[in-house]
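Structural overview for review
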Number of protein chains: 2
Amino acid sequence: MLIPIGPVVVFGSSNFPLAFSVAGGDTASALATGNPVVVKAHSGHPGTSELVATAVSRAVKSSQMPPGVFSLVHGAGKVIGMQLVRHRFTKAVGFTGSRAGGRALFDAAAARPEPIPVFAEMSSLNPVFILPGALRERGDRIAEGLRGSISMGVGQFCTKPGLVFGIQSPELNQFRQSLARAVETVAPATMLHAGICSSYHEGLARASELSGVDMLGRSSAAADGGKTQAQSVVLQTDLANFRKHPELAEEVFGPFAVVISAGTISELEKAAEGLEGQLTATVHGTAEDLKQAASLLRMLERKAGRLIINGFPTGVEVCPSMNHGGPYPATTDVRFTSVGTAALYRFVRPVCYQDFPQDLLPEALQDKNPLGLRRMVNGKSEA
Amino acid sequence: MLIPIGPVVVFGSSNFPLAFSVAGGDTASALATGNPVVVKAHSGHPGTSELVATAVSRAVKSSQMPPGVFSLVHGAGKVIGMQLVRHRFTKAVGFTGSRAGGRALFDAAAARPEPIPVFAEMSSLNPVFILPGALRERGDRIAEGLRGSISMGVGQFCTKPGLVFGIQSPELNQFRQSLARAVETVAPATMLHAGICSSYHEGLARASELSGVDMLGRSSAAADGGKTQAQSVVLQTDLANFRKHPELAEEVFGPFAVVISAGTISELEKAAEGLEGQLTATVHGTAEDLKQAASLLRMLERKAGRLIINGFPTGVEVCPSMNHGGPYPATTDVRFTSVGTAALYRFVRPVCYQDFPQDLLPEALQDKNPLGLRRMVNGKSEA
């Protein structure tokens, strides 16, 4: 049977102060599987963190859970966070945040005398591939959908599409114009905190200055700097130039994407092959398009944890079939997800109880099955 | 659904030239889940490795699997092995062997630009705790069983018990005498190769020379050095002295154990708390003993991957309920097993296919379920 792995340290993400912070998916997964949790609050929302932690602590008390089962710690990630990861009682780590931050925690955990697992969800550009038939049939609608997917939540979803690939054609030109017009209508909006906003503007400036990268469209209204607002921005380039600038394949967190034109579908495949690991990859195509794209889909299967056809990657559902994970640097462990019921498996470990008398067995394993669980007995699944 | 993680590098163990080497559990797990496998042959049995690899290659051909699905590489582990682990195409590693070797591979894999999972099964002393009632009732039978468990396969099982704890009493004295007499009857036997044999004798010498550690019993017949034979040896000490010498809690690979006497059952618990991670932990006790030992059992649950009551840990069965794993340094990932059907999970990763047309879905996910799999659909398990 599976038992708790031991105390779990959770690093609250900055982009989801509720769903992925103090009482978010990592904490829920760890508590649900019986682990004590220590949350390192994100400095972007200390007050929200404190409010949520107080609610959790009250729930711990009123449900008579052991008092040490939940704690919140504030402080500098590089000092307090590292101490938490290195503490000998810590047995696993959940993290959502930047690539540099996640890698630093992963490295520290791997270098411990007793290494521990780190599930860090870090970085993804969520590439979208738009095939010719789909462009012809519904380029405008795809542009409208992309506008929403890029600018939703001021582009602060880990699943925001940051790269859009198409094959050079009059239809792609028209699509780009539609996308540009759509993005112009997006009102500048306030980002989660000043740090995210300034990182966004730095990333945007770096990408815009690259040779062969042109402005395609941006919010027509000016952003109010005093309110840490951001405009939505879409740049464009071609595949040859994209390859010359590996920086373009690094995540810019915010309402931003780059449209990249290729010559052929086999060039799209090569572009996919050159990508790092992703949380998601999306293909838009007609039935005819998709028949031609079998090897593109196979390549994307190796690159991403979730594949989407004719949709947009931004929304994430908490359900058994969800996979919010993927090859590095999307996460540090491609075998797990941080969203959906399977997220529980990050924080459990198997133990085998051999020849135990019935009264010493955990209830889950007793012959009379007092918990009424669906189990495997003598190698056969019970109905 | 789960798909192959990608090419897996397997390091054949020296102690199981068939069951855990070229075509052993790691290779079977990786191939069964659809991964190409590259085996690094153990230098202890290059000829056997080559024979088995030839058989596997013939099977690959006759079953029309892709030609690159299996390869065998000979060479120095520190050079060839490290290159295999660092190769950018390698996506996971399986290893059974020494703690130093496993840790070196783990560290190299964690330091890659794209870190990969390493399941290394490394080191375990498989502690056995014998409670007073069991000693009184059947001390002689336990001594006889331990003799077999310590000397089976010339002590070269990863599950060989290396530490035996009891509470000081006349019954423990009598048990020690029984164990000494039993071990004297064990005929010296040839170890798997000269390297294992010389390591065994070095470890034995180190432990024997420690202050307060006494000889309890050894094979009465002399070992034939020319045949790389080893005697079975059992030493004894008390808990205070065991704590003074942390070397005694390091695995000596071979037919060797240390019997340690404690003052009380709560001292046994503290001894358990001081142990590193183990593959197994065993308790012998009467029903009355076991009632007193609830907190010892809870402690052992935190220390080992398999708990055994009134049995011996040496035998390992390939079945769904088996867990051959445990906290570090038993393995580098407490969440997995290297024996039993769950060993497959080391080498797969989840992928979510969203809004795929039926004909592009993998067969396992198609609505009509052509493979007849037992699945979860819309959050409900199908019967």
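Residues numbered from 1 in each chain as written. Chains lettered and ligands numbered in written order. Predicted model: local features only at pLDDT ≥ 70, side-chain atom pairs only at ≥ 80, totals over all residues.

**Concerning the overall build of chain A**
Helix and strand counts for chain A stand at 11 helices and 19 strands. The buried share of chain A, taken over its 383 residues, is 51%. Restricting to contacts in chain A with at least 6 residues of sequence separation, those with at least 24 account for 72%. (Helix = DSSP H or I, 4+ residues; strand = E, 2+ residues; numbered from the N terminus. Buried ≥ 20, exposed ≤ 12 C-beta atoms within 10 Å, placed from the backbone. Contact = placed C-beta atoms within 7 Å.)

**Considering the sheet that holds strand β15 (residues 304–309) of chain B**
The strand order across the open sheet formed by 8 strands is β17(A)-β15(B)-β14(B)-β7(B)-β8(B)-β13(B)-β12(B)-β10(B), and the pairing between neighbours is mixed. With one partner strand each, in any of the chains shown, β17 (352–354) of chain A together with β10 (214–218) of chain B form the two edges of the open sheet. Taking each pair of neighbouring strands and ignoring which way they run, the sheet shows an average axis angle of 20°. Relative to strand β13 (residues 256–262) of chain B, strand β12 (residues 233–238) of chain B runs parallel, the two being bridged by 6 bridges. (Pairing = 2+ DSSP bridges. Axes fitted to C-alpha atoms, helices over the stretch in contact; angles between N-to-C directions.)

**Re helix α2 (residues 46–62) of chain B**
An α-helical turn contains 3.6 residues, so a residue and the one three or four places further along point in the same direction. Residues and elements named next belong to chain B. The terminal C-alpha atoms of α2 lie 24 Å apart, and with 17 residues this matches the ideal 24 Å at 1.5 Å per residue to within 8%. By the burial criterion, the buried members of α2 are Ser49, Val52, Ala53 and Val56. Buried residues in α2, looked at end-on, bunch into an arc of 105°, giving them a common side. Structural note: α2 exposes Gly47, Thr54, Ala55, Arg58, Lys61 and Ser62 on the side pointing more than 90 degrees away from its buried face. In this structure, the buried residues of α2 make contact with β3 (37–40) and β4 (70–73). After α2 finishes, the residue glutamine 64 shows a positive phi value of roughly 55°. (Expected span 1.5 Å × (residues − 1). Arc of directions from axis to C-beta.)

**Thoughts on the pairing of strand β8 (residues 163–167) of chain A**
Residues and elements named next belong to chain A. Of all 5 residues in β8, 4 are buried; the element is thus mostly enclosed. In this sheet, β8 lies alongside strand β7 (residues 128–130) in parallel orientation, the contact comprising 3 bridges. Directly across from phenylalanine 129, in β8, lies its bridge partner phenylalanine 165. The β-α-β motif built from β7, the intervening helix α5 (residues 132–151) and the parallel element β8 has right-handed crossover chirality. Note that β8 and strand β13 (residues 256–262) share 5 bridges and pair parallel. (Right-handed = clockwise from strand over helix to strand, strands pointing away.)

**Notes on the relation of the copies chain A and chain B**
It takes a turn of 180° to lay chain A on chain B, together with a shift of 0.0 Å along the axis; the resulting RMSD is 0.0 Å. Overall, the copies show the geometry of a two-fold rotation axis. Looking at chain A, 100% of its interface residues are interface residues in chain B too, so the copies touch through the same face. (Least-squares fit on C-alpha atoms with pLDDT ≥ 70 in both.)

**Considering the interface of chain A and chain B**
Listed per partner, the contact involves 44 residues of chain A and 44 residues of chain B. Counting residues per element, the ones that place at least two in the side of chain A that touches chain B are α4 (99–110), α10 (287–292), α11 (294–303), β15 (304–309), β16 (348–350) and β17 of chain A. The class makeup of the residues in the side of chain A that touches chain B is 27 nonpolar, 10 polar and 7 charged. Across 3 bridges, β15 of chain A lies against strand β17 (residues 352–354) of chain B in parallel orientation. (Nonpolar A, V, L, I, M, F, W, Y, C, P; charged D, E, K, R; others polar.)

**Some remarks on the sheet that holds strand β6 (residues 118–121) of chain A**
All names here are of chain A. Here we have 5 strands laid out as an open sheet, ordered β4-β3-β2-β5-β6, and parallel in their pairing. Looking at which strands have only one partner, the edges of the open sheet turn out to be β4 (70–73) and β6. If you compare each strand with its neighbour and ignore which way they point, the axes differ by 15° on average. Across 4 bridges, the pairing between strand β5 (residues 92–96) and β6 is parallel. Its bridge partner being in β6, glycine 94 is matched across the sheet by phenylalanine 119.

**Remarks on the domain arrangement of chain A**
All names here are of chain A. By the assigned domains, chain A splits into domain 1 (2–122 + 331–350) and domain 2 (128–309). Here domain 1 and domain 2 have C-alpha centroids that lie 31 Å from each other. Of the residues in the side of domain 1 that touches domain 2, the class split is no nonpolar, 3 polar and 1 charged. (Domains from an automatic or database assignment.)

**So, the environment of lysine 244 of chain A**
Residue and element names in this part refer to chain A. Among the secondary structure elements, lysine 244 is positioned in helix α8 (residues 239–244). According to the C-beta neighbour criterion, lysine 244 is partly exposed, with 14 such atoms within 10 Å. The spatial distance from the C-alpha of lysine 244 to the C-alpha of asparagine 173 is 22 Å, given a sequence separation of 71 residues.

**Some details on the pairing of β5 of chain A**
Residues and elements named next belong to chain A. A large share of β5 lies buried, amounting to 5 of its 5 residues. The two faces of β5 match: Ala92, Gly94 and Thr96 on one face and Val93 and Phe95 on the other face are all buried. What joins β5 to β6 is α4, and the crossover it makes is right-handed.

**Examining the environment of glutamate 363 of chain B**
Residues and elements named next belong to chain B. Here glutamate 363 shows up in the loop between β17 and β18 (376–377). Taking C-alpha positions, glutamate 363 is 9.8 Å from leucine 373, a pair spaced 10 residues apart along the chain. Dropping the residues within four chain positions of it, glutamate 363 is found in contact with Pro370 and Leu371.

**A short note on helix α1 (residues 25–32) of chain B**
Residue and element names in this part refer to chain B. The buried fraction of α1 is high, at 6 of 8 residues. Contacts made by the buried residues of α1 are with β2 (8–11), β3 and β5 (92–96). After α1 finishes, the residue glycine 34 shows a positive phi value of roughly 95°.

**Quick look at the packing of helix α9 (residues 265–274) of chain B against helix α11 (residues 294–303) of chain B**
Residue and element names in this part refer to chain B. As a packed pair, α9 and α11 sit with axes 9 Å apart at the nearest point and diverge in direction by 10°. Judged by the angle between their axes, α9 and α11 are roughly parallel. Note on element contacts: α11 touches α9 through Ser295, Leu296, Met299, Leu300 and Lys303, opposite Ile265, Leu268, Glu269, Ala272 and Glu273. Looking at the contact of α9 with α11 residue by residue, the classes come out as 6 nonpolar, 1 polar and 3 charged. (Parallel < 35°, antiparallel > 145°, perpendicular 65-115°, else oblique.)

**Here's the deal with unusual backbone geometry**
In this structure, proline 329 of chain A follows tyrosine 328 of chain A across a cis peptide bond, with omega equal to 5°. Along the chain, proline 329 of chain A turns up in the loop between β15 and β16. Positive phi outside glycine occurs at threonine 228 of chain B, with the angle close to 45°. Relative to the elements of secondary structure, threonine 228 of chain B occurs in the loop between β10 and β11 (229–230). Not every positive phi belongs to a glycine, and asparagine 310 of chain B is a case in point at roughly 55°. With respect to the element layout, asparagine 310 of chain B can be found in the loop between β15 and β16 (348–350).

**Focus on the packing of α5 of chain A against helix α6 (residues 170–184) of chain A**
Residue and element names in this part refer to chain A. Where α5 contacts α6, the axes come no closer than 8 Å and their chain directions differ by 15°. One element, α5, and the other, α6, form an angle in the roughly parallel class. Here α5 and α6 pass one another in a crossing that is right-handed. Contacts between α5 and α6 involve Pro132, Leu135, Arg136, Gly139, Asp140, Ile142, Ala143, Glu144, Leu146 and Arg147 from the former and Glu171, Leu172, Gln174, Phe175, Ser178, Leu179, Ala182 and Val183 from the latter. (Left-handed = near helix turned anticlockwise from the far one by under 90°.)

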